[in-house]
Amino acid sequence: MSLLVNGGNAKSSAMAAITAAKSNDFETAKAKLAEADKYLKEAHDQETALLTAEASGEEVDISLLMIHGQDHLMTAITFRDLAQEIVDLYQRLAKDDK
(Lines give C-alpha, C1' and ligand atoms only; values in the text may rest on other atoms or scores of the structure.)
Protein backbone atom coordinates (compact mmCIF):
# COMPACT_ATOMS: atom_id res chain seq x y z
CA MET A 1 0.00 0.00 0.00
CA SER A 2 2.94 2.33 0.54
CA LEU A 3 3.58 2.53 -3.20
CA LEU A 4 -0.06 3.43 -3.84
CA VAL A 5 -0.43 6.00 -1.09
CA ASN A 6 2.90 7.74 -1.55
CA GLY A 7 2.72 7.61 -5.35
CA GLY A 8 -0.76 9.15 -5.27
CA ASN A 9 0.30 11.80 -2.77
CA ALA A 10 3.35 12.67 -4.88
CA LYS A 11 1.22 13.11 -7.99
CA SER A 12 -1.27 15.27 -6.07
CA SER A 13 1.52 17.46 -4.71
CA ALA A 14 3.00 17.84 -8.19
CA MET A 15 -0.41 18.88 -9.52
CA ALA A 16 -0.71 21.40 -6.69
CA ALA A 17 2.67 22.81 -7.73
CA ILE A 18 1.39 23.37 -11.26
CA THR A 19 -1.77 25.02 -9.95
CA ALA A 20 0.29 27.34 -7.72
CA ALA A 21 2.63 28.25 -10.57
CA LYS A 22 -0.34 29.02 -12.78
CA SER A 23 -1.30 31.66 -10.18
CA ASN A 24 2.30 32.96 -10.08
CA ASP A 25 2.75 31.56 -6.55
CA PHE A 26 6.19 30.14 -7.13
CA GLU A 27 7.08 29.72 -3.45
CA THR A 28 4.13 27.38 -2.99
CA ALA A 29 4.98 25.62 -6.25
CA LYS A 30 8.53 25.00 -5.01
CA ALA A 31 7.22 23.73 -1.66
CA LYS A 32 4.76 21.38 -3.37
CA LEU A 33 7.50 19.97 -5.61
CA ALA A 34 9.62 19.35 -2.51
CA GLU A 35 6.63 17.66 -0.89
CA ALA A 36 6.22 15.45 -3.97
CA ASP A 37 9.89 14.52 -3.69
CA LYS A 38 9.36 13.48 -0.07
CA TYR A 39 6.50 11.18 -1.03
CA LEU A 40 8.48 9.75 -3.94
CA LYS A 41 11.40 8.98 -1.63
CA GLU A 42 9.08 7.11 0.74
CA ALA A 43 7.66 5.05 -2.11
CA HIS A 44 11.08 4.45 -3.63
CA ASP A 45 12.46 3.29 -0.27
CA GLN A 46 9.63 0.76 -0.01
CA GLU A 47 10.22 -0.40 -3.58
CA THR A 48 13.97 -0.76 -2.88
CA ALA A 49 13.25 -2.85 0.21
CA LEU A 50 11.10 -5.22 -1.85
CA LEU A 51 13.70 -5.46 -4.61
CA THR A 52 16.48 -6.08 -2.07
CA ALA A 53 14.45 -8.80 -0.38
CA GLU A 54 13.83 -10.55 -3.66
CA ALA A 55 17.46 -10.18 -4.75
CA SER A 56 18.48 -11.77 -1.42
CA GLY A 57 16.45 -14.84 -2.23
CA GLU A 58 13.31 -14.01 -0.27
CA GLU A 59 10.09 -14.84 -2.03
CA VAL A 60 8.11 -11.69 -2.75
CA ASP A 61 4.47 -12.12 -3.67
CA ILE A 62 3.62 -10.31 -6.88
CA SER A 63 -0.01 -9.28 -6.60
CA LEU A 64 -2.27 -7.07 -8.63
CA LEU A 65 -2.07 -4.58 -5.76
CA MET A 66 1.73 -4.48 -6.03
CA ILE A 67 1.58 -4.04 -9.80
CA HIS A 68 -0.95 -1.25 -9.37
CA GLY A 69 1.28 0.40 -6.75
CA GLN A 70 4.28 0.20 -9.08
CA ASP A 71 2.17 1.78 -11.82
CA HIS A 72 1.24 4.62 -9.47
CA LEU A 73 4.87 5.17 -8.55
CA MET A 74 6.12 5.28 -12.12
CA THR A 75 3.30 7.62 -13.16
CA ALA A 76 4.02 9.88 -10.19
CA ILE A 77 7.73 10.07 -11.07
CA THR A 78 6.92 11.05 -14.64
CA PHE A 79 4.26 13.53 -13.51
CA ARG A 80 6.62 15.13 -11.00
CA ASP A 81 9.29 15.62 -13.70
CA LEU A 82 6.74 17.16 -16.03
CA ALA A 83 5.42 19.39 -13.23
CA GLN A 84 8.93 20.83 -12.77
CA GLU A 85 9.06 21.74 -16.45
CA ILE A 86 5.61 23.36 -16.31
CA VAL A 87 6.48 25.35 -13.17
CA ASP A 88 9.70 26.52 -14.85
CA LEU A 89 7.74 27.56 -17.93
CA TYR A 90 5.20 29.54 -15.89
CA GLN A 91 8.06 31.20 -14.05
CA ARG A 92 9.72 32.18 -17.32
CA LEU A 93 6.43 33.52 -18.69
CA ALA A 94 5.93 35.58 -15.53
CA LYS A 95 9.39 37.15 -15.94
CA ASP A 96 8.70 37.92 -19.60
CA ASP A 97 5.47 39.73 -18.63
CA LYS A 98 7.34 42.19 -16.40
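Rules and cut-offs
Residues numbered from 1 in each chain as written. Predicted model: local features only at pLDDT ≥ 70, side-chain atom pairs only at ≥ 80, totals over all residues. Heavy atoms only, no water. Helix = DSSP H or I, 4+ residues; strand = E, 2+ residues; numbered from the N terminus. Buried < 20%, exposed > 50% of the residue type's maximum accessible area, 1.4 Å probe, protein only. Contact = heavy atoms within 4.5 Å. Core = buried A, V, L, I, M, F, W, Y, C linked by side-chain atoms within 4.5 Å. Patch = residues over 30% accessible without salt bridge, like charges linked within 9 Å, V, L, I, M, F, W, Y side chains within 5 Å. Areas by Shrake-Rupley, 256 points an atom, 1.4 Å probe, with all protein chains shown as cover. Salt bridge = Lys/Arg side-chain N within 4 Å of Asp/Glu carboxyl O.

Undergrad: How should the environment of Phe79 be read in this particular structure?
TA: Relative to the assigned elements, Phe79 resides in helix 3 (residues 64-97). Relative accessible area serves as the criterion here: at 21%, Phe79 is assigned to the partly exposed category. Separated by 14 residues in the primary sequence, Phe79 and Leu93 have C-alpha atoms spaced 21 Å apart. When neighbours within four sequence positions are excluded, Phe79 is seen to be in contact with Lys11, Ala14, Met15 and Ile18.

Undergrad: Explain the nonpolar core here, please?
TA: Inside soluble globular proteins, nonpolar side chains tend to come together where they are buried. With 12 residues, the main nonpolar core is built from Ala14, Ala17, Ile18, Ala20, Ala21, Phe26, Ala29, Leu33, Ala36, Ala83, Val87 and Ala94. Secondary structure elements with two or more residues in this core: helix 1 (2-22), helix 2 (26-55) and helix 3. Counting residues per element, this core draws most heavily on helix 1, at 5 residues. Apart from the residues lying within four places of it in its own chain, the contact partners of Ala83 are Ala14, Ile18 and Leu33. Counting 7 residues, the second largest nonpolar core, distinct from the first, contains Ala10, Tyr39, Leu40 and Ala43.

Undergrad: I would appreciate a short explanation of a nonpolar patch on the surface in the present structure.
TA: A cluster of nonpolar side chains, Met1, Val5 and Leu65, forms an exposed patch at the surface whose accessible area comes to about 310 Å². Looking at the secondary structure, you find Met1 in the segment before helix 1.

Undergrad: Would you mind going over the pattern of salt bridges with me for this structure?
TA: Any two side chains of opposite charge can pair, given that their charged atoms come close. As enumerated under the stated definition, the model contains 3 salt bridges in all. A salt bridge links Lys32 to Glu35, with the nearest nitrogen and oxygen atoms 3.4 Å apart. With Lys32 and Glu35 both in helix 2 and 3 residues apart, the pair spans about one turn of that helix.

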